[in-house]
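# Architecture at a glance
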Amino acid sequence: MFFFLLSSQGFHLSGTVTDPATPSSPELVCNVSVSFDRCKITAVTCTCGNKDIFYCAHVVALSLYRVRKPEQVKLHLPISETLFQMSRDQLQKFVQYLISVHHTEVLPTAQKLADEILSQNSEINQVHGAPDPTAGASVDDENCWHLDEEQVQEQVKLFLSQGGYHGSGKQLNLLFSKVREMLKMRDSNGARMLTLITEQFMADPRLALWRQQGTTMTDKYRQLWDELGALWMCIVLNPHCKPEQKSSWLRQLRRWNSVDVCPWEDGNHGNELPNLTHSLPQGVHGNQELRPHRTVFTRAIEACDLHWQDRHLQHIIASDLYANYCYHDNQEGSLFDSHGWPLWHEHVPTACARVDALRSHGYPREALRLAIAVVNTLRRQQQRQLEHFRRHKKELLHKGHTSITNMEGWVGHPLDPIGTLFSTLTESGRAGDEGANTCLDLSDCSSVVSRAELQRMPMQRLLGDGESYVALAVETALIGLGQQRVMPDGLYAQEKVCRNEEQLLAKLQEVELDDSLVKIFRKQAVFLLEAGPYSGLGEIIHRESVPMHTFARYLFTSLLPHDAELAYKIALRAMRLPVLESTASSGDLSRPHHIVSVVPNRYPRWFTLSHIESQQCELASTMLTAAKGDSRRLETVLESIQKNIHSSSHIFKLAQDAFKIATLMDSLPDITLLKVSLELGLQVMRITLSTLNWRRREMVRWLVTCATEVGVYALDSIMQSWFTLFTPTEATSIVATTVMSNSTIVRLHLDCHQQENLASSARTLALQCAMKDPQNCALSALTLCEKDHIAFETAYQIVLDAAATGMSYTQLFTIARYMEHRGYPMRAYKLATLAMAHLNLSYNQDTHPAINDVLWACALSHSLGKNELAAVIPLVVKSVKCATVLSDILRRCTLTTPGMVSALQSRRNSGKLMSLDKAPLRQLLDATIGAYINTTHSRLTHISPRHYSEFIEFLGKARETFMMAHDGHIQFTQFIDNLKQIYKGKKKLMMLVRERFG
């Protein structure tokens, strides 16, 4: 709540505004003054000290109080009028009282003015009269709303410095919205405010940093620059803009445009497109040069060449009734169509920029009229293109390639032409008749359309029978989305194409389809299929044409309930992705002879390819879902997927989707859809067989699950052709193992005959895999063949054949342990000896993982008998040089009698322990002692004091082994004496040796 004390003098309002006290702040008294001129507030001051772009609450409160309660405000004449009515004595009294009340503030100024007035030659005496701040401006002076320029600059600078954090991007967008609001109210401050904003954007230090580092600006920041460029386009296209204003803006835009860090329109890649005015009907030439890099201001600079003086254009925007029903539409540049409705031939984005400018500057009805003319032109052009293609169809299809008819697509275009038309048409109903009586006053309505002409025109809105603005908007969106256009350069430009397409589709999805709209959908779908190079869904498209997957999915779901055949035709045609086809023709990048074109020769990288492929996958999934229960449709969709989708991950997703749809809990499995799922899974297996894929194991497991659902014949089939689908390891460890599991047998309800057939296929697979990759598949093959003697023997022989060359000791030990576990100790022994031949343990590998296998092999040999142990010990001596391991083996061999385990303490066994003085243990003992001697010398070569105690313990273990020999004490003593002699320089260590061993 505010309390006021105010007065009004001439064009100046002043007052005291009291802001009452609150629990958190004391009472605040503010002195406020407001100057106004011709219904605009032109200056404000307030002592509250609040700094903001917008007026403070006290200024707003004072102004509203004056508007709502004018009788409470005492009005005074301008001060100059009051002074004129005073006598000399009154004037002197007035001045002296003024100085007395404010002597500290005004006395110096008063004395200075008095001195100047009394001086005959002073400048003040050369001017007639004196200024009066309460009298208002001259009628010829510019008048505009007050704008605190300094605060605008500070606020924008602050928001930019926050780098998109703390909601700064949202605040900047609000500023842009404020500019648009100003333009709509025809407030001249709109351009002033945008100039201030632009200056701060251009001064952003990050621009130079990004340019130096070669990095890109953030996507949100990039979008702010886009909006900046679009707003300048609106401003320079102001139909009421004075020539001197436009010239000033042009100089300003060129200055910004020439700065090195000025952002490019397409992000970080320049393009060479023709000037947007290249096909203007009024014959404007202006800046026709090609620019290597278009900046965000280039289009606004080019738009300065545009004008609104074309008589046909003036007729279009001035009246709903402008038409010519006797006109023959038989020319390329006809002014009217076959219905007599006006057309407007201009570069489409430029024409739509005019529409946006009219809307932005508060002329909604004029914008609507021009939008309808542009859409009618697009529809007529579309029909002409269809007729042209039909005449030349045979010739074009014979060539096998097509041309791109539009290098600068409308969807994703910086000026968003289709979005502008759609918004203008859909908002017309909500806007009602706002602005219906507003004329642009390019001259006046009567001079644009004469009374006689008005009388001859029927009262209609230039729409077809039963046609609505919404229907026109929908058709416009379909035309734009279906246009064949080249994929632009650069990541940002390509992302913008995707984003703009999604925005348009989101708007379309808000429209409820009725019969009239379904009719439009059918009409446009047929055109898209038959329009050749003009359509992104034509029979042949260029390799770099923007894909139609997202758009086609929307068309498919919209048309499906009304015309399924047409819906599938659209979706299937859209499935292609020629940029990934290695054999695709590069095509002809030139346009047909009758279309103006300047085309660079380049093949850009598709930065959004992963997104495009995911959209292609979504389209295919949508068709699969819709085709459930229809075997003919499913077969067609499957063929399309296999032909057009090249990403294994996406095909796998489709296979999973089809499987889920086919096996929904609330219905019986759809066997046709299950077969589609299996076929897709098989394709994934073939694609990823020879490439690395981190999901490969998951894919293989899923395929077996899918084949199980399809039936036993599917499982048998994948095992019969395993070599085209799986690696040997996958085939044995996952496929065959899963097929042979009890869960699979129970799931399929197999009888004994079926089980045996499946098991036979699994064994055949296992043996083939073992032959191909014995290292990784032998063990699985043995496991799978356990129940078939012949197959098991075959697998064992494969292992023996591969042991000499192709298998490691680890693999052989693993299989040997398995053989022992299955009750084949002699075969296990044979494999263990083969494994030992591949092993080599050096003196310092006392923690090697193979040690347990060596100990196990020796224990197995010992348990089988003296002959087996005698045969394995030479292999151990040859392969193992580690003293501690050898001593461990030696002790184990002396604890029990050979053959005790296998003979189970039979009476034939003598029960005598093996002698260390005879073979084979004597050989092992000598090798162990030799290993300790060699290891000792090796350790002493690079020993450090911190390892002395550990070394002494090692010698202690060595002594235990030495003592196992009959002359061990003598050998060890000689060994120690040699050490003391050889390493006498290591005094501290040798002292420890003497203390322990003498």
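Residues numbered from 1 in each chain as written. Predicted model: local features only at pLDDT ≥ 70, side-chain atom pairs only at ≥ 80, totals over all residues. Heavy atoms only, no water.

### Notes on the overall build of the protein chain
When helices and strands are tallied, the protein chain shows 43 helices and five strands. When the 998 residues of the protein chain are sorted by exposure, 48% land in the buried category. Restricting the contact set of the protein chain to residue pairs at least 6 apart, pairs at least 24 apart contribute 72%. (Helix = DSSP H or I, 4+ residues; strand = E, 2+ residues; numbered from the N terminus. Buried < 20%, exposed > 50% of the residue type's maximum accessible area, 1.4 Å probe, protein only. Contact = heavy atoms within 4.5 Å.)

### Some words on the packing of aromatic side chains
Enumeration over the complete set of coordinates arrives at 20 aromatic pairs. Between W225 and F297 the ring centres are 6.3 Å apart and the planes differ by 75 degrees, which places this aromatic pair in the edge-to-face class. Placement of W225 in helix 9 (residues 219-236) and of F297 in the loop between helix 10 (243-257) and helix 11 (298-303) is noted, with a sequence separation of 72 residues between them. Like W225, the residue F297 is buried in the burial classification. On the numbers, 5.5 Å between centres and 55 degrees between planes, the contact of W232 with W256 is tilted. Pair noted here: W232 is in helix 9 and W256 is in helix 10, with a separation of 24 residues, a long-range link. Relative accessible area serves as the criterion here: at 1%, W256 is assigned to the buried category. (Phe/Tyr/Trp six-rings, centres within 6.5 Å; stacked < 30°, edge-to-face > 60°.)

### Some words on the pattern of salt bridges
Once their charged atoms are close, side chains differing in charge can pair, the charge on each being opposite to the other. Across all of its chains, the model carries 42 salt bridges by this definition. In this structure, R379 and E467 form a salt bridge, with 2.6 Å as the shortest nitrogen-oxygen distance. Residue R379 is found in helix 14 (residues 364-399), and its partner E467 is found in the loop between helix 17 (451-456) and helix 18 (469-481); the two are separated by 88 residues along the sequence. Residue R817 pairs with D853 through a salt bridge whose shortest N-O separation is 2.9 Å. Of this pair, R817 sits in helix 34 (residues 809-821) while D853 sits in helix 36 (residues 851-864), and the two are 36 residues apart along the sequence. The network of salt bridges with shared partners includes R180, E227, D356, R359 and E427. (Salt bridge = Lys/Arg side-chain N within 4 Å of Asp/Glu carboxyl O.)

### Re the packing of helix 38 (residues 883-895) against helix 40 (residues 921-941)
Remark: helix 38 packs on helix 40, axes separated minimally by 8 Å, with the N-to-C direction vectors making an angle of 155 degrees. Relative to helix 40, helix 38 is oriented roughly antiparallel. Crossing handedness for the pair helix 38 and helix 40: left-handed. Across the interface between the two elements, A883, T884, L886, S887, I889, L890, C893 and T894 of helix 38 pack against L921, L924, L925, A927, T928, A931, Y932 and T935 of helix 40. A breakdown of the residues in the contact of helix 38 with helix 40 according to their chemical character gives 11 nonpolar, five polar and no charged. (Axes fitted to C-alpha atoms, helices over the stretch in contact; angles between N-to-C directions. Parallel < 35°, antiparallel > 145°, perpendicular 65-115°, else oblique. Left-handed = near helix turned anticlockwise from the far one by under 90°. Nonpolar A, V, L, I, M, F, W, Y, C, P; charged D, E, K, R; others polar.)

### Regarding the state of the cysteines
Summed over all chains, the structure comprises zero disulfides. Left without a disulfide partner, C46 is nearest to the cysteine sulfur of C48, which lies 3.5 Å away. Look at C46 and you get partly exposed, because its relative accessible area is 23%. (Disulfide = S-S within 2.5 Å.)

### Looking at the nonpolar core
Core analysis: the largest hydrophobic core is formed by 252 residues, its most contacted members being I197, F201, W225, F297, L624 and F726. Examining the composition of this core, we find that 11 residues originate from one element, helix 14, more than from any other. The residues contacting I197, other than those within four sequence positions of it, are V152, V156, L175, F176, V179 and L228. Residues V17, V32, V34 and I41 belong to the second largest nonpolar core, which totals 12 residues. (Core = buried A, V, L, I, M, F, W, Y, C linked by side-chain atoms within 4.5 Å.)

### Regarding the environment of V296
Summarising the element assignment, V296 is placed in the loop between helix 10 and helix 11. The exposure class of V296 is buried, given its relative accessible area of 8%. Considering only alpha carbons, one finds V296 and W264, 32 residues apart in sequence, at a separation of 5.7 Å. When near neighbours in sequence (up to four residues on either side) are disregarded, V296 contacts R222, W225, G229, C262, P263, W264 and E265.

### Regarding unusual backbone geometry
One non-glycine residue, D416, lies in the positive phi region at around 45 degrees. Structurally, D416 can be placed in the loop between helix 14 and helix 15 (417-431). Judged by relative accessible area, which is 24%, D416 ranks as partly exposed. In this structure, H749 takes a positive phi of about 55 degrees despite not being glycine.

### Thoughts on the side chain of D320
With respect to the element layout, D320 can be found in the loop between helix 12 (311-318) and helix 13 (348-360). Judged by relative accessible area, D320 falls into the buried class, the value being 14%. Within the structure, the side chain of D320 is placed 2.6 Å from the side chain of R365, a separation counted as a polar contact. Within the local environment of D320, its side chain forms a polar contact with the side chain of R369, the two groups lying 2.7 Å apart. (Polar contact = N/O pair within 3.5 Å; in protein donor to acceptor, adjacent residues only side chain to side chain.)

### Examining the pairing of strand 4 (residues 40-46)
Direction of pairing for strand 3 (residues 28-37) relative to strand 4: antiparallel, over a ladder of six bridges. Bridge pairing links D37 to K40 in strand 4. Between the antiparallel neighbours strand 3 and strand 4 lie two residues, among them R38 with a positive phi of about 50 degrees. (Pairing = 2+ DSSP bridges.)

### What to know about the side chain of D356
On the secondary structure map, D356 appears in helix 13. The class of D356 is buried, set by a relative accessible area of 15%. For D356, the contacting residues outside a window of four places in its chain are R180, C234 and T420.

### Some thoughts on the pairing of strand 3
Bridge analysis of strand 2 (residues 12-19) against strand 3 gives eight bridges, and the strand direction is antiparallel. If you follow T16 over to strand 3, its bridge partner there is N31.

### Observations concerning a nonpolar patch on the surface
Taken together, the side chains of F94, V95 and L98 define a hydrophobic patch exposed on the protein surface, amounting to about 230 Å² of accessible area. Here L98 lies in helix 3 (residues 88-101). (Patch = residues over 30% accessible without salt bridge, like charges linked within 9 Å, V, L, I, M, F, W, Y side chains within 5 Å. Areas by Shrake-Rupley, 256 points an atom, 1.4 Å probe, with all protein chains shown as cover.)

### A word on the packing of helix 34 against helix 36
Where helix 34 meets helix 36, the axes come as close as 11 Å, and the angle between the chain directions of the two elements is 40 degrees. Judged on the interaxial angle alone, helix 36 and helix 34 are oblique. Of the two elements, helix 34 crosses helix 36, and the hand of that crossing is left-handed. Here helix 34 contributes F813, A816, R817 and E820 to the contact with helix 36, which in turn contributes N852, D853, V854, W856, A857 and L860. Tallied by class, residues from the contact of helix 34 with helix 36 come to six nonpolar, one polar and three charged.

### Observations concerning the confidence of the model for the protein chain
For the protein chain, per-residue confidence averages 84 on the pLDDT scale, and 85% of positions sit at 70 or higher. Per-element mean pLDDT across the protein chain ranges from 38 in helix 16 (residues 445-448) up to 98 in helix 21 (residues 549-559). pLDDT under 50 marks residues 443-460. Its contacts with residues more than four places away, or in other chains, come to 26 contacts. Note that residues 583-603 has pLDDT below 50 and, in this model, 50 contacts with residues that lie over four places away or in other chains. (pLDDT = per-residue confidence, 0-100.)

### Concerning the environment of L869
In this structure, L869 sits in helix 37 (residues 866-879). Residue classification places L869 among the buried residues on the basis of a relative accessible area of 0%. Residues L869 and A857 lie 12 residues apart in sequence; the distance between their C-alpha atoms is 9.5 Å. Once you skip the residues sitting within four places of it in the chain, L869 turns out to touch C858, S861, H862, C893, P898 and M914.

### Section: the environment of L253
Mapped onto the secondary structure, L253 falls in helix 10. The buried category is assigned to L253, whose relative accessible area is 0%. For L253 and V296, which are 43 residues apart along the polypeptide, the C-alpha to C-alpha distance reads 9.9 Å.

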